[in-house]
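Fold and geometry: a report
What follows is each chain in one-letter form.
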Amino acid sequence: MIQVLRTEAELRGALAAHWADGKLGFVPTMGALHEGHATLLRCAVAAHPTVLSVFVNPTQFGPGEDFSRYPRTFEADCDLAERAGVSYVFAPAPEVIYPPGWRTFIDVDEITGVWCGRFRPGHFRGVATVVHRLFQLVKPSRAYFGQKDLQQCLVVERMCLDLGIPVKIETVPTVRESDGMALSSRNRYLSDTERREATVIYRALEAAQEKLAGGQVEVEVLLAAAKAELAKVPAFAPQYVEIRALPNLSEIQRVEGPAALAIAGFLGKTRLIDNCILRS
Ligand code: AMP
């Protein structure tokens, strides 16, 4: 049976033996779990006893974003976690994560100023802070994140390096529907028409990858291919379509080393993101 833990004392009681072992997997989420999360959980469970956290983190939502209407499906999340072989679900109340009087935030510089960071001020400050706090409470040896949120992976990796946090970060490839659409808890906001239109994002990623496979390394050419695809669905309003170097997200003119193409934009009221690693 999966064990639900809600406080620091309950974590200590359940996890002390694993801390002594030095083998504990961790998958932080905001719940509303789908097959993408299930894949992360299965990767973790294959390697060690695993904690799933379900916490809709208020500090990573901006004013006017979907914090209050973010889907909350705790019972179903526990069932999915149990089927994936998860041992523990950590579901803290906000005051367990942010005790009264909490005033400390973690700001990872530079890589949080581009891509989503430019359009969601404070978002990665909230992400870094909550991940740090969760690591402090759960004390995992390894944590699993999805490439779907590539910038988040880079921010967490940078934070662990800079602060000497002894958690190994694993990045799991994006899980997609058969039409290429990346699974996301926010996909349930889409109407049927929007859901069909949303596949344009994947096609845009593919268009750039095909150009690259054909020998084109100029960023301008690759972006033009992606943007031409996106333009075929006028309902999709792009926020950014950018290629940057990995892992520091610096600007580049040519794809000659590790790089990624990331796309974000709105379909109606729903903000969607996706990305692909570019290999030259
Ligand atoms: P979320 O609860 O949606 O913020 O995501 C929790 C974790 O699941 C994050 O590390 C996400 O990157 C990851 N994740 C979400 N969607 C996918 C997906 N389609 N494929 C792989 N990982 C995902």
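Our subject in this report is the structure included herewith. This one's a predicted model, so the numbers in the text were calculated from it and none came from an experiment.

A few words now on the environment of Leu 52. Counting through the fold element by element, Leu 52 comes out in strand β3 (residues 50-54). When neighbours within four sequence positions are excluded, Leu 52 is seen to be in contact with Phe 26, Val 27, Thr 29, Leu 33, Leu 41, Ala 81, Val 86, Tyr 88, Val 89 and Phe 90.

Turning our attention to the sheet that holds strand β8 (residues 259-267). In spatial order, the strands read β7-β8-β9; together these 3 strands make up an open sheet with antiparallel pairing. Only two strands of the sheet have a single neighbouring strand rather than two, namely β7 (236-245) and β9 (270-278). Across the sheet, the axes of successive neighbouring strands diverge by a mean angle of 15 degrees, strand direction being ignored. In this sheet, β9 lies alongside β8 in antiparallel orientation, the contact comprising 9 bridges. Bridging from a neighbouring strand, Ala 262 pairs with Asn 275 of β9. In the packing of helix α10 (residues 219-230) onto the sheet, contacts are made with β7 and β8, and the angle to β7 comes to roughly 160 degrees.

What follows concerns the side chain of Gln 152. Inspection of the secondary structure puts Gln 152 in helix α7 (residues 150-163). Classification of Gln 152 as buried rests on a relative accessible area of 18%. Setting aside anything within four residues of it in sequence, one finds Gln 152 in contact with Phe 124, Val 127 and Phe 145.

Thresholds applied
Residues numbered from 1 in each chain as written. Predicted model: local features only at pLDDT ≥ 70, side-chain atom pairs only at ≥ 80, totals over all residues. Heavy atoms only, no water. Helix = DSSP H or I, 4+ residues; strand = E, 2+ residues; numbered from the N terminus. Contact = heavy atoms within 4.5 Å. Pairing = 2+ DSSP bridges. Axes fitted to C-alpha atoms, helices over the stretch in contact; angles between N-to-C directions. Buried < 20%, exposed > 50% of the residue type's maximum accessible area, 1.4 Å probe, protein only.

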